[in-house]
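One-letter residues, chain by chain:
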Amino acid sequence: MGEAIVVTSGKGGVGKTTTTANIGTALALQGKKVCLVDTDIGLRNLDVVMGLENRIIYDLVDVAEGRCRLNQALVKDKRFDELYMLPAAQTKDKTAVTPEQVRDIILELKKEYEYVLIDCPAGIEHGFRNAIAGADKSIVVTTPEHAAVRDADRIIGLLEQSNVESPKLVVNRIRPGLIKSGDMLDIEDILQVLNIDLIGIVPDDEMVIKAANSGEPTVMNPDSAAAIAYRNIARRILGDAVPLMQLDRKPGTFKKFKKFFGLG
Amino acid sequence: MTVKSKHVRIKGIKDGLVFLLDDKCPFEDLLSELRFKLEHSHQNILTGPIVHVDVKLGSRPVSEEEKDAVLDILRGQGNLLIRSVEALEDPSVVDSDALYMVSGMVRSGQVLHHQGNLLLLGDVNPGGTVTCSGDIYILGALRGMAHAGVEGNEEAIIAASLLSPTQLRIADIISRPPDEWETRESSMEFAYLTNGAMQIDKIHNMVKLRQGLNVFKGV
């Protein structure tokens with residue numbers, strides 16, 4: 001039986017879909033059998049980020065309503081044999097499926113896959129409840145901004161009330177320069193407010209935008225700092241103790257990390 | 001019509017009956033169930049010779065009229081002789097000085113309310129709310145909103161290990177903390193009202209405000 005992890009944030013635009021795609025791909029790189037599930041019905045993006053948009057035949061709603069079998073709706077990744085994606089419907093809205101239906105689908109997927117990553121829509125309404133219905137664990141993505149941290153806090157509160165295991169935090173889009181000058185929230189500050197375990201920090205990286213537009217997850221490119229960060233998160237999910245990335249860097253190059261420090 | 005016997009329980013004792021009335025359900029439900037039970041069940045117990053009855057209302061706060069309403073129903077049954085009516089007082093009213101302790105975090109969007117005085121072991125995050133009819137003491141960081149004395153008690157105070165709230169309210173007074181609060185030395189502080197204005201002071205100065213406190217003077 002595999003493990004279902006929901007990636008959520010509350011606020012939109014902090015990088016849920018990017019994180020889902022990259023962690024999923026990184027787990028596949030490690031040889032794991034992975035399925036990504038997009039629950040953002042009506043605003044699906046995961047397929048675009050993964051570059052699988054043109055391969056979609058059926059979607060989540062079709063499976064829930066019994067128009068096709070689960071296996072028919074799964075889209076196989078073009079790079080990995082053991083990476084699949086279950087796309088969301090684009091023509092319906094969040095209420096097209098119920099949390100119970102999603103839970104059944106996730107349960108079915110967990111029999112087949114070692115990791116099921118669920119991409120959650122923004123917000124705390126029906127779509128959120130759908131996404132967390134079948135999840136065992138959760139990852140909360142935030143950026144170093146007050147608004148994003150506030151929403152992450154709200155989401156953590158809701159997750160703590162649900163059956164999902166206590167969430168792990170990813171701080172995305174960090175700009176070390178701005179933190180140093182005091183214009184961006186420190187990671188320490190964020191952790192003090194949210195008070196949950198940190199599972200990874202991801203630096204702001206132009207490569208992520210390029211990669212998303214070309215439908216090629218960033219993790220595939222080992223020259224990108226964000227790629228290393230996502231690979232580290234995947235390894236931590238697998239249980240490795242990987243030190244946090246040191247974001248202080250010499251100007252112009254991300255390749256030289258001066259020092260590393262331990263987790264926790 | 002079937003009624004599950006959940007609010008009214010009738011117990012037989014050596015020399016009569018005890019009516020145990022639930023103290024959590026709505027009062028109206030209680031009355032209708034009591035009426036139903038007397039009319040429709042236990043026919044052979046409730047008719048016949050005179051029986052002594054003890055009524056136990058639990059810790060429900062009841063007015064005299066409500067008490068009479070219960071007794072009227074029982075009196076309607078000719079053979080029931082009411083011997084005693086017992087009502088425990090509401091525990092929160094009895095012990096208004098007690099400190100109720102809760103641990104955990106009040107996150108954005110969550111509301112913690114307590115009737116009485118509250119001691120929270122944990123943080124209140126921005127967007128989180130703590131309201132209380134008495135004092136609020138927080139062993140942790142207060143970054144959200146705290147409202148002490150919600151029912152109008154202007155004597156109420158708000159104390160926190162780290163007092164950097166988005167807003168403070170005591171009784172009807174609302175105060176936005178000045179920005180310099182954030183950068184003040186981090187000692188434990190509390191907020192109180194004097195002449196309708198919010199004041200902040202270090203926790204050890206609370207003695208000046210609360211004359212009745214037990215003060216430790218050393219041995």
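So, how was this worked out
Residues numbered from 1 in each chain as written. Chains lettered and ligands numbered in written order. Predicted model: local features only at pLDDT ≥ 70, side-chain atom pairs only at ≥ 80, totals over all residues. Heavy atoms only, no water. Helix = DSSP H or I, 4+ residues; strand = E, 2+ residues; numbered from the N terminus. Rg over C-alpha atoms; globule rule 2.2 N^0.38 Å. Buried < 20%, exposed > 50% of the residue type's maximum accessible area, 1.4 Å probe, protein only. Contact = heavy atoms within 4.5 Å. Areas by Shrake-Rupley, 256 points an atom, 1.4 Å probe, with all protein chains shown as cover. Lys, Arg positive; Asp, Glu negative; His and termini not counted. Charge placed at Lys NZ, Arg CZ, Asp CG, Glu CD. Buried area = accessible area lost by both parts, 1.4 Å probe. Salt bridge = Lys/Arg side-chain N within 4 Å of Asp/Glu carboxyl O. Nonpolar A, V, L, I, M, F, W, Y, C, P; charged D, E, K, R; others polar. UniProt positions renumbered as here; feature names shortened; annotations may be inferred. Axes fitted to C-alpha atoms, helices over the stretch in contact; angles between N-to-C directions. Parallel < 35°, antiparallel > 145°, perpendicular 65-115°, else oblique. Left-handed = near helix turned anticlockwise from the far one by under 90°. Pairing = 2+ DSSP bridges.

A. The arrangement of the overall build of chain A in detail. A count of helical and extended segments in chain A gives 11 helices and 8 strands. Over its C-alpha atoms chain A spans a radius of gyration of 17 Å, differing by no more than 12% from the 18 Å that the globule rule assigns to 264 residues. Across its three principal directions, the C-alpha atoms of chain A cover 55 × 40 × 30 Å. Among the 264 residues that make up chain A, the fraction classed as buried is 54%. In chain A, of all internal contacts separated by at least 6 residues, the share reaching a separation of at least 24 is 73%. When the accessible surface of chain A is summed, it comes to about 11,600 Å², and 46% of that surface belongs to carbon and sulfur atoms. The distance from the centre of the 34 positive side-chain charges to the centre of the 37 negative ones in chain A is 5 Å.

B. Up close: the interface of chain B and chain A. Taken together, the contact between chain B and chain A spans 10 residues of the former and 12 residues of the latter. Summed over both partners, the interface of chain B with chain A comes to about 910 Å²; 39% of that surface belongs to carbon and sulfur atoms. By the criterion of area lost to chain A, the three top residues of chain B are Arg107, Ser108 and Arg143 of chain B, representing 53% of everything that side buries. Counting across the chain B and chain A interface gives 2 salt bridges. Between Asp153 of chain A and Arg107 of chain B there is a salt bridge; the shortest N-O distance is 2.9 Å. Looking at side-chain class alone, the side of chain B that touches chain A contains 2 nonpolar, 5 polar and 3 charged residues.

C. Structural detail: the UniProt feature "binding site: ATP" (unreviewed entry) in chain A. All names here are of chain A. On the UniProt side, "binding site: ATP" (unreviewed entry) is annotated at positions that read Lys11, Gly12, Gly13, Val14, Gly15, Lys16, Thr17 and Thr18 here. Checked against the element boundaries, Gly12 lands in the loop between strand E1 (3–8) and helix H1 (16–29). When you line up the elements, Val14 lands in the loop between E1 and H1. Overall, Val14 belongs to the buried group, its relative accessible area being 1%.

D. Examining the packing of H1 of chain A against helix H11 (residues 225–237) of chain A more closely. Residue and element names in this part refer to chain A. It is the contact of H1 with H11, at a shortest axis distance of 8 Å, that shows an interaxial angle of 65°. Taken together, the axes of H1 and H11 lie roughly perpendicular to each other. Crossing hand, H1 versus H11: right-handed. Along the contact surface, H1 presents Thr18, Thr19, Asn22, Ile23, Ala26, Leu27 and Leu29, while H11 presents Tyr230, Arg231, Ile233, Ala234 and Ile237.

E. Expanded view of the pattern of salt bridges. All names here are of chain A. Under the counting rule described, the total for this entry stands at 23 salt bridges over all chains. Put simply, Arg235 and Asp240 hold a salt bridge, and the shortest N to O gap is 3.5 Å. For Arg235, a relative accessible area of 33% gives the class partly exposed. Counted as one network, the salt bridges with shared partners bring together Asp62, Glu65 and Arg67.

F. Representation of the pairing of strand E9 (residues 136–142) of chain B within the structure. Residues and elements named next belong to chain B. Burial runs high along E9: 6 of the 7 residues are buried. Where strand E7 (residues 117–121) and E9 come together, 4 bridges link them in parallel fashion. Within E9, the position partnered with Leu118 by the bridge is Ile136. Bridge count for E9 against strand E11 (residues 158–163) is 5 bridges, and the pairing is parallel. Residue pairing for E11: Leu142 is matched across the bridge by Leu163.

G. Unusual backbone geometry, seen in detail. You will see that Arg173 of chain A, though not glycine, has its phi angle at about 55°, which is positive. Position of Arg173 of chain A among the secondary structure elements: in strand E7 (residues 168–174).

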